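Letter by letter, the chains look like this.
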Amino acid sequence: MNAPVLLRTAHTRIRLPEPSDAPGLLRYRLENRAHLAPWEPLREESYYALEQCAQAIADGREAARLDRGYPLVVFAPDEEEILASLTLSNIVRGPFQACLLGYGVGIRRQGTGLMHEALEAGLAWAFGELGLHRVMANYLPRNERSARLLQRLGFEREGYARSYLRIAGRWEDHVLTARIRPDD
Ligand SMILES: CC(C)(COP(=O)(O)OP(=O)(O)OC[C@H]1O[C@@H](n2cnc3c(N)ncnc32)[C@H](O)[C@@H]1OP(=O)(O)O)[C@@H](O)C(=O)NCCC(=O)NCCS
């Protein structure tokens, strides 16, 4: 990553977290543990420790430096509180120019449109500055909120993958969707 990322929307600032954001990331993980657990891989207890948050931030910054992934964090405009996360991962360049998208919003901001606002900005950045052509996002068939959100963002269903990801300790089917860069 050559230039620092900072996306501004009406209610957010979106960027890579810095080492000093580790305590805020830990607060976000702890506060949203029960809310996020059904939709994520099983987490070790160490996931909820400051050291692991600092390590995740360091790993994320290295991934961005190598253009492998951008685990962005959605902050409140004063950049004090973490509200949501937005991760572009598994970036493949060459003729594919694609990545996977993952996201989650803190329980207190769910149902407010904040995730949609942040993802619009993140996608514009992915298709613009990052030059990606295809962003893929996959969801559990029972994750109706995620399905609605992706539909509103213009993602199209591309398929259905059986036993696709291990979520909350079980292999789960996923609906596969993607959004292509406008005009490509
Ligand atoms: C999936 C998830 C990100 C969806 O978040 P969300 O808050 O529902 O998404 P949005 O930001 O688009 O908000 C949409 C809701 O806000 C409402 N809203 C209010 N103001 C709005 C605005 N200005 N713009 C859009 N929606 C707005 C909508 O009516 C909608 O409410 P509804 O779902 O009750 O109809 C969230 O449920 C989540 O974090 N879940 C746990 C993690 C997860 O599942 N991640 C995805 C794995 S695939």
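The structure contained in this document is the topic of the report that follows. (Residues numbered from 1 in each chain as written. Predicted model: local features only at pLDDT ≥ 70, side-chain atom pairs only at ≥ 80, totals over all residues.)

1. Quick word on the site of the ligand
So the rule is basically this: Any residue whose backbone-placed C-beta atom lies within 6 Å of a molecule or strand is treated as near that molecule or strand. A run of H or I in DSSP counts as a helix once it spans at least four residues, and a run of E counts as a strand once it spans at least two, with each numbered from the N terminus. Amino acid classes used here: Ala, Val, Leu, Ile, Met, Phe, Trp, Tyr, Cys and Pro are nonpolar; Asp, Glu, Lys and Arg are charged; the rest, including Gly, are polar.
Around the ligand sit 18 residues in total, of which Trp-39, Gly-104, Gly-113, Met-115 and His-116 are the nearest. Listed by contribution, the elements that provide at least two residues to the shell around the ligand are strand 5 (98–105), helix 4 (114–127) and helix 5 (144–152). Classifying every residue of the shell around the ligand by side-chain character gives eight nonpolar, eight polar and two charged.

2. Quick notes on the packing of helix 1 (residues 22–31) against helix 3 (residues 50–65)
Packed helices, taken two at a time, are described by the angle between their axes plus the distance between the axes. As a reminder, the rule being used: To define axes, lines are fitted to C-alpha atoms, for helices over the stretch in contact only, and angles between the resulting N-to-C directions are given on a 0 to 180 degree scale. In this scheme, roughly parallel covers angles under 35 degrees and roughly antiparallel covers those over 145, while 65 to 115 is roughly perpendicular and the rest are oblique. Here is the rule for handedness: rotate from the far helix to the near one, and if that takes an anticlockwise turn smaller than a right angle the crossing is left-handed, while a clockwise turn gives right-handed. Residues are treated as contacting if the C-beta atoms built from their backbones sit within 7 Å of each other.
Where helix 1 contacts helix 3, the axes come no closer than 8 Å and their chain directions differ by 115°. Between helix 1 and helix 3, the angle is such that the two are roughly perpendicular. In terms of crossing hand, the pair formed by helix 1 and helix 3 is right-handed. For the pair helix 1 and helix 3, contact is made by Ala-22, Pro-23, Leu-25, Leu-26 and Arg-29 and by Leu-50, Cys-53, Ala-54 and Ile-57, respectively. Its residues assigned to classes, the contact of helix 1 with helix 3 shows eight nonpolar, no polar and one charged.

3. A closer look at the nonpolar core
Cut-off, in case you're wondering: In these notes, a nonpolar core means any group of buried Ala, Val, Leu, Ile, Met, Phe, Trp, Tyr and Cys residues linked to one another through C-beta atoms within 7 Å. Here a residue counts as buried when 20 or more other C-beta atoms sit within 10 Å of its C-beta, as exposed when there are 12 or fewer, and as partly exposed otherwise, the C-beta atoms being derived from the backbone.
Counting residues in hydrophobic clusters, the biggest one holds 37 residues, and the most contacted among them are Val-74, Ala-84, Leu-86 and Ala-118. Only helix 1, helix 3, strand 3 (70–75), strand 4 (82–92), strand 5, helix 4 and strand 6 (134–139) provide two or more residues apiece to this core. The leading source of residues in this core is helix 4, at eight residues.

By themselves, these figures tell us nothing about what the structure is for.
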